[in-house]
Amino acid sequence: MRAIWDEFEANGTPEAQFAKSLDRFQPPLMNLGTGGGSWVEYNVSFDIVCERVGAKIANGAPWLWDWLKPQIQEFFAAQASPG
């Protein structure tokens, strides 16, 4: 079990990269599902989400990031529009 964990942490194999992508996929889904959650609480921007989470998701599951990114963009666009 320790070897599998070390592989995941090293992010050096395609399997580890995919697993890390799935691990990073859940928090944005939770934020979208809760009206922004910690993004709102900590004044997080779209660019920060892309940099800190999007890049990791795209590394191992680019199609997943391609699906999620427009939803995140839509959320932040709605936050920026008045009213």
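Here, every reference points to the structure presented above.
A short tour of the structure in this document, coming up. Residue numbering note: each chain is counted from 1, following its sequence as written. In view of the model being predicted, local features appear only for residues whose pLDDT reaches at least 70, and side-chain atom pairs are presented and counted only at 80 or more, with totals across whole chains, interfaces and linings using the full set of residues. Side-chain descriptors were evaluated using all non-hydrogen atoms of the structure, hydrogens and water having been removed beforehand.

As a further point, take unusual backbone geometry. The phi dihedral of asparagine 11 is positive, around 55°, even though this residue is not glycine. Throughout this description, buried means an accessible area under 20% of the type-specific maximum (1.4 Å probe, protein chains only), exposed means over 50%, and partly exposed covers the range between. The exposure class of asparagine 11 is partly exposed, given its relative accessible area of 22%. Not every positive phi belongs to a glycine, and asparagine 43 is a case in point at roughly 55°. Relative to the helices and strands, asparagine 43 resides in the loop between helix H3 (37-41) and helix H4 (46-60). Judged by relative accessible area, which is 68%, asparagine 43 ranks as exposed. Secondary structure counts use DSSP, requiring at least four H or I residues in a row for a helix and at least two E residues in a row for a strand, with both numbered from the N terminus.

Where nonpolar side chains cluster on the molecular surface, the patch consists of Phe18, Leu22 and Trp63 and spans about 320 Å² of accessible area. Mapped onto the fold, tryptophan 63 is located in helix H5 (residues 62-80). With a relative accessible area of 53%, tryptophan 63 lands in the exposed category. Residues enter patches when they are more than 30% accessible in relative terms and free of salt bridges; like-charged ones are connected within 9 Å and nonpolar ones (Val, Leu, Ile, Met, Phe, Trp, Tyr) within 5 Å. Each accessible area is a Shrake-Rupley estimate made with a 1.4 Å probe; only the visible protein chains count as cover when residues are assessed. Whenever Lys or Arg places a side-chain nitrogen within 4 Å of a carboxyl oxygen from Asp or Glu, that contact is recorded as a salt bridge.

Residues lying three or four places apart along an α-helix face the same way, a consequence of the helix completing one turn every 3.6 residues. With 19 residues, H5 extends 27 Å from end C-alpha to end C-alpha; this agrees with the ideal 27 Å at 1.5 Å per step. Axes are fitted to the seven residues ending at a residue and to the seven starting at it; the angle between these axes is taken as the bend at that residue. A maximum bend of about 25° is found in H5 at leucine 68, where proline proline 70 lies one to four positions downstream. Restricting attention to buried positions, one finds in H5 the residues Leu64, Trp65, Leu68, Ile72, Phe75 and Phe76. On its buried face, H5 is in contact with helix H2 (14-33), H3 and H4. Here the expected length of a helix is defined as 1.5 Å per residue gap, with one fewer gap than residues. Residue contacts are counted whenever heavy atoms from the two residues lie within 4.5 Å of one another.

Our next topic: the packing of aromatic side chains. When two rings of Phe, Tyr or Trp (its six-membered ring) have centres within 6.5 Å they constitute a pair, described as stacked for plane angles under 30 degrees, edge-to-face for angles over 60, and tilted for the intermediate range. Under the definition given, this model contains seven aromatic pairs. On the numbers, 6.1 Å between centres and 45° between planes, the contact of phenylalanine 25 with tryptophan 67 is tilted. Within this pair, whereas phenylalanine 25 is found in helix H2, its partner tryptophan 67 is found in helix H5, the two being separated by 42 residues in sequence. Overall, the relative accessible area of 14% leaves phenylalanine 25 in the buried class. Summarising the aromatic geometry, the rings of phenylalanine 46 and phenylalanine 76 are spaced 6.2 Å apart at their centres and angled 65° between planes, so their arrangement reads as edge-to-face. A residue pair is termed long-range when its members are at least 10 positions apart, and phenylalanine 46 in helix H4 and phenylalanine 76 in helix H5 qualify at 30 residues. The exposure class of phenylalanine 46 is buried, given its relative accessible area of 19%.

We now examine the nonpolar core. Grouping buried Ala, Val, Leu, Ile, Met, Phe, Trp, Tyr and Cys residues that are joined through side-chain atoms within 4.5 Å yields what is termed a nonpolar core. Judged by nonpolar contacts, the single largest core of 14 residues is most densely connected at Trp39, Ile57, Trp65, Leu68, Ile72 and Phe76. Only H4 and H5 provide two or more residues apiece to this core. The leading source of residues in this core is H5, at six residues.

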